[in-house]
Amino acid sequence: MKKATLVLAIVATLTAVGSAQAENVATQALATWPAIAVKDSASQLVVTPIGNLYFQYAEGVKRFNSQQGVFDVALEGEGTAIKLTAKLVSNTLTQLGTSGSTLEVGVKHHGAAITKTAQTTLIDTSADMSGGNLSKLANADKQPGRRSAQDHFDFNIIGATADGTTPVTDFSTLPAGTWSGDVNVRFDVTWAS
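Here's a quick rundown of the structure. Note that the coordinates shown come from a computational prediction; the quantities given were computed from them, not determined experimentally.

1. A closer look at unusual backbone geometry
Step number 1: Positioned with a positive phi, His 110 is a non-glycine residue whose angle comes to about 50°.
Step number 2: Tracing the backbone through its elements, the reader meets His 110 in the loop between strand S7 (102-109) and strand S8 (112-113).
Step number 3: In this model, Asp 128 sits at a positive phi of 55°, which is unusual for a non-glycine residue.
Step number 4: Of note, Asp 128 is situated in the loop between strand S9 (120-124) and strand S10 (146-161).

2. Structural notes on the layout of surface pockets
Step number 1: The calculated volume of the largest pocket comes to roughly 1900 Å³.
Step number 2: Gly 51, Asn 52, Leu 53, Gly 181 and Asp 182 are the residues nearest the centre of the largest pocket, which is lined by 49 residues in total.
Step number 3: Every element with two or more residues in the lining of the largest pocket is listed here: strand S1 (45-50), strand S4 (67-76), S10, strand S11 (179-181) and strand S12 (184-192).
Step number 4: Residue contributions to the lining of the largest pocket peak at six residues, all from S4.
Step number 5: Along the lines of polarity and charge, the residues of the lining of the largest pocket split into 30 nonpolar, 14 polar and five charged.
Step number 6: Along the walls of the second largest pocket sit 16 residues, with Gly 106, Val 107, Lys 108, Ile 114 and Ile 158 positioned nearest its centre.
Step number 7: Of all elements in the fold, only S7 and S10 reach the threshold of two or more residues within the lining of the second largest pocket.
Step number 8: Classifying every residue of the lining of the second largest pocket by side-chain character gives seven nonpolar, five polar and four charged.

3. Concerning the pattern of salt bridges
Step number 1: Inspection of every chain in the model, using the stated rule, returns two salt bridges.
Step number 2: Where Arg 146 meets Glu 76, a salt bridge forms, and the shortest distance between an N and an O atom there is 3.7 Å. With Arg 146 in strand S10 and Glu 76 in strand S4, the pair connects residues that are 70 residues apart, well separated along the chain.

4. What to know about the packing of aromatic side chains
Step number 1: This model, assessed by the stated rule, comprises seven aromatic pairs.
Step number 2: Note on Phe 64 and Trp 179: the rings are 5.9 Å apart at their centroids and 85° apart in plane angle, and the pair reads as edge-to-face. One end of the pair, Phe 64, is in strand S3 (residues 63-64); the other, Trp 179, is in strand S11, and 115 residues separate them in sequence.
Step number 3: Pairing Phe 71 with Phe 153 gives two aromatic rings, centres 4.5 Å apart and planes at 35°, and the pair type is tilted. Note that Phe 71 is positioned in strand S4 and Phe 153 in strand S10, a separation of 82 residues in sequence.
Step number 4: Note on Phe 71: relative accessible area 4%, which makes it buried.

About the cut-offs
- Residues numbered from 1 in each chain as written.
- Predicted model: local features only at pLDDT ≥ 70, side-chain atom pairs only at ≥ 80, totals over all residues.
- Heavy atoms only, no water.
- Helix = DSSP H or I, 4+ residues; strand = E, 2+ residues; numbered from the N terminus.
- 1 Å grid on protein atoms, 1.4 Å probe; cavity = no way out; pocket = protein on both sides within 12 Å on 5 of 7 lines; lining within 4 Å.
- Points joined across faces, edges and corners; volume = space filled by probe spheres on them.
- Nonpolar A, V, L, I, M, F, W, Y, C, P; charged D, E, K, R; others polar.
- Salt bridge = Lys/Arg side-chain N within 4 Å of Asp/Glu carboxyl O.
- Phe/Tyr/Trp six-rings, centres within 6.5 Å; stacked < 30°, edge-to-face > 60°.
- Buried < 20%, exposed > 50% of the residue type's maximum accessible area, 1.4 Å probe, protein only.

In structure tokens, the structure reads:
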């Protein structure tokens, strides 16, 4: 009888442990891709960002990662000199929710800052600045017609606020959450004959 009781106690314990271990846990996440499709092959200047920016906070280094954003430039025009410039229009990401926290995105082109206060020259053939990866665009006098080239900007988080006004230098003190917004860069091109 003692053996039967002991066996039943062991079986009951194993059944309880087994059922506790056999519980299934399920979780879900939703991924959303905003989608729009545009084709512009008539404008004299078309700049298309290729991909999105996604900054992830890294606890070990207490900062957000950097991103490289590729863009395609297509243009059509003729002249003996071409100048292509870029200027930052907007670069603020705002935290979703009620904190009002913001992040400021810095933009650089091969080390040169793209700012809101001045045009940054990407190509200027009159000053012998062919544009590196964009050099195909600099041959307007040798290659009439439409042409395109790709280059990239380097993006990183250069500033933050806790509530929209109070500056934060230690990103580890920012509230947890998601920031969203647009980084807009205006491109201008001029041709001289």
